[in-house]
Amino acid sequence: MTSGHPHTRSSPSVKAGHIDVGLLIDSAGLNPLSKLVLALACLTSFMEGLDLSVISYVAPYIRDDLKLPAQSLGNVFSASVLGMLIGGLAISPLGDRFGRRPVIVFAGCAFALMSVLQVSTASYVYLLGVRFFLGLSVGAIGPLLTALAIEYAPQNLKIRFVGFMVMSYSLGAAASGPLTAAIAPELGWRAVFVVNGLLTAAAAVALLRFLPESIRFMVHSQAPASVIASLVNRLAPATRASEADRFVVCDERRDHDGARITDLLAGDLRFVTPMLWLGCAASAMAIYFNASWGPIIYEGLSIERNAAAIFSSAASLSGAIAGLATTHLIDRRGVVSAIWFPLSAVPLLLVAGSGMLPPEYVIAFAVPASVLLIAGHFGMISIIGTYYPTAMRVRGIAWATSIAKVGGATGPAIGGNVMAAGIPLTSSYLLLAVCPIVVALSLLAIAHRTAMSSTRLTQ
């Protein structure tokens, strides 16, 4: 079982005529192919963050234009999260059967189409449907790209590869506020969706044109040796692989083929998987609440609309930087080093939700709490794929992130119900304070189990 620490390997081959692609990826280090995969994964993650978050900033304009009540907005926010849940569980696992690339490209094109269709929003039902199918495509892409990035990353950079992806998502979320503030007041909210849709379409084209298949998956699925050799030579030209070579993956256990969901709960995963699910769900609940209702909460505190967008974007950007620091700490010191970020958010949330402070002081506590919640979320998300072998990696990531969406869907719904009941929306912070406690305890439990176990489930 891995805790995110480097595991050194010395040679890219097992014996003459045999090439261990796991050793080869490690020995190749950062190379043009792994950088290409990381760049495409980060680009797509950026667009996911932008597209999923921009609705929060456009929502006040849509609310005024379509005369939507607060509860309807909450349903719109939750529709994409529900779509992500279903996409992760129903579509992502196809990547363990048919390959990472074809499913990513298909979902990426669907993502671009739904993004463009938002421009023609004319009713609540239409927007609800488009956001659901947009979430469906995003939910399918995320686990697959995470798995692909892990499978191309050298051992000592796997956590940070995922960290860069999550940071890109946060940067996209941070960009959504300034994008809306720059376009919507003058050109209207539809113009925001036009720009967003064009950018998403460009990302889909890049995936179609440049994304490679996972070498590990091709070896595992016994793809033609000539196809594997071609990709191996792109990764490490000095290898001079040919179809006469035999390609293997020697750094993974093969006790289970990953075809059954129960494989995610076998062996040491019997404990680790539920802890990942619990921590991801609690973290996502807090993250999606802040992403959906943050700008509206700030606006309700008498903060001007554009300023509220800037506050939320600043929190997302700062959280991305803190989150990248979290992944660096995990690579160096293990999972336990990440618990301090969510724990530090707890007292800030309790104070922000107490109702005893004037608006300007609520902001002073809520924004830093958001930063720490995002950093803790980085820690949870970045470690998931490192606990599963190739045969079940996408399925493992998909189940953890999809279960997280259950918490994610609950977060926006809590805000909508609180507002509909006439309770100050800031009171929701009191409930959300439970989330980072659960995240910290889950990370601590996983770290403890890792320390006790000498078995590595994957590279």
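Note that the structure is a prediction, hence the values are computed from the model and not measured. (Residues numbered from 1 in each chain as written. Predicted model: local features only at pLDDT ≥ 70, side-chain atom pairs only at ≥ 80, totals over all residues. Heavy atoms only, no water.)

1. Digging into the overall build of the chain
Counting secondary structure elements, the chain contains 17 helices and three strands. In terms of C-alpha radius of gyration, the chain reaches 22 Å, essentially the compact-globule figure of 23 Å for 459 residues. By the burial criterion, 60% of the 459 residues in the chain qualify as buried. Looking at the chain alone, contacts between residues at least 24 apart form 83% of all its contacts between residues at least 6 apart. For the chain, the accessible area works out to roughly 17000 Å², and carbon and sulfur atoms hold 67% of it. (Helix = DSSP H or I, 4+ residues; strand = E, 2+ residues; numbered from the N terminus. Rg over C-alpha atoms; globule rule 2.2 N^0.38 Å. Buried < 20%, exposed > 50% of the residue type's maximum accessible area, 1.4 Å probe, protein only. Contact = heavy atoms within 4.5 Å. Areas by Shrake-Rupley, 256 points an atom, 1.4 Å probe, with all protein chains shown as cover.)

2. Regarding the packing of helix H2 (residues 32–66) against helix H3 (residues 70–90)
Between H2 and H3, the shortest axis-to-axis distance is 10 Å and the interhelical angle comes to 155°. Overall, the two elements H2 and H3 adopt an arrangement that is roughly antiparallel. As for how H2 packs across H3, the hand of that crossing is right-handed. Contacts from Leu 52, Ile 55, Ser 56, Ala 59 and Arg 63 of H2 reach H3 at Leu 73, Val 76, Phe 77, Ser 80 and Met 84. Tallied by class, residues from the contact of H2 with H3 come to seven nonpolar, two polar and one charged. (Axes fitted to C-alpha atoms, helices over the stretch in contact; angles between N-to-C directions. Parallel < 35°, antiparallel > 145°, perpendicular 65-115°, else oblique. Left-handed = near helix turned anticlockwise from the far one by under 90°. Nonpolar A, V, L, I, M, F, W, Y, C, P; charged D, E, K, R; others polar.)

3. Looking at helix H11 (residues 269–300)
An α-helical segment advances 3.6 residues per turn. Residues three or four places apart therefore align on the same side. Taking 1.5 Å per residue as the helical rise, H11 with its 32 residues ought to reach 46 Å, and the 45 Å between its terminal C-alpha atoms agrees with that figure. Considering bend angle alone, the principal kink of H11 is centred on Trp 293 and spans about 55°; proline Pro 295 follows within four residues of it. (Expected span 1.5 Å × (residues − 1). Bend = angle between axes of the 7 residues up to and from the residue.)

4. Describing the packing of H2 against H11
Where H2 contacts H11, the two axes come as close as 8 Å, and the packing angle between them is 60°. Comparing their axes, H11 and H2 come out oblique. The element H2 and its partner H11 pack so that their crossing is right-handed. Of H11, the residues touching H2 (which contributes Ser 56, Tyr 57, Pro 60 and Arg 63) are Ala 291, Ser 292, Pro 295 and Glu 299. Each residue belonging to the contact of H2 with H11 can be placed in one class, and the counts come to four nonpolar, two polar and two charged.

5. As for the nonpolar core
Counting 141 residues, the largest nonpolar core has Ile 215, Phe 247, Leu 276, Tyr 298, Ile 383, Tyr 387 and Tyr 429 as its most contacted members. Sort the elements by how many residues they give to this core and H11 lands first, with 16 residues. (Core = buried A, V, L, I, M, F, W, Y, C linked by side-chain atoms within 4.5 Å.)

6. Details of the pattern of salt bridges
Counted by the stated rule, this structure contains five salt bridges. Of the charged contacts, one joins Arg 100 and Asp 96 as a salt bridge, the two residues approaching to 2.8 Å between their closest N and O atoms. Exposure class is identical for Arg 100 and Asp 96. Each is buried. Between Arg 100 and Glu 151 there is a salt bridge, with the nearest N and O atoms lying 2.6 Å from each other. (Salt bridge = Lys/Arg side-chain N within 4 Å of Asp/Glu carboxyl O.)

7. Observations regarding the confidence of the model for the chain
Scored by pLDDT, the chain comes out at a mean of 83, with 91% of its residues at no less than 70. For the chain, the element scoring lowest by mean pLDDT is strand E1 (residues 13–15), at 46; helix H5 (residues 100–117) scores highest, at 95. Contacts for the low-pLDDT stretch residues 1–14, under 50 throughout, to residues beyond four places or in other chains number 54 contacts. Below a pLDDT of 50 lies the segment residues 454–459, which in the model reaches 30 contacts outside its immediate sequence neighbourhood of four places, other chains included. (pLDDT = per-residue confidence, 0-100.)

8. Concerning unusual backbone geometry
Look at Lys 67: it is not a glycine, yet its phi comes out positive at around 60°. One can find Lys 67 in the loop between H2 and H3. Take Lys 67: its relative accessible area is 65%, and that puts it in the exposed class. Despite not being glycine, Gln 222 has its phi angle at roughly 60°, a positive value. In this fold, Gln 222 is placed in the loop between helix H9 (215–220) and helix H10 (225–235).

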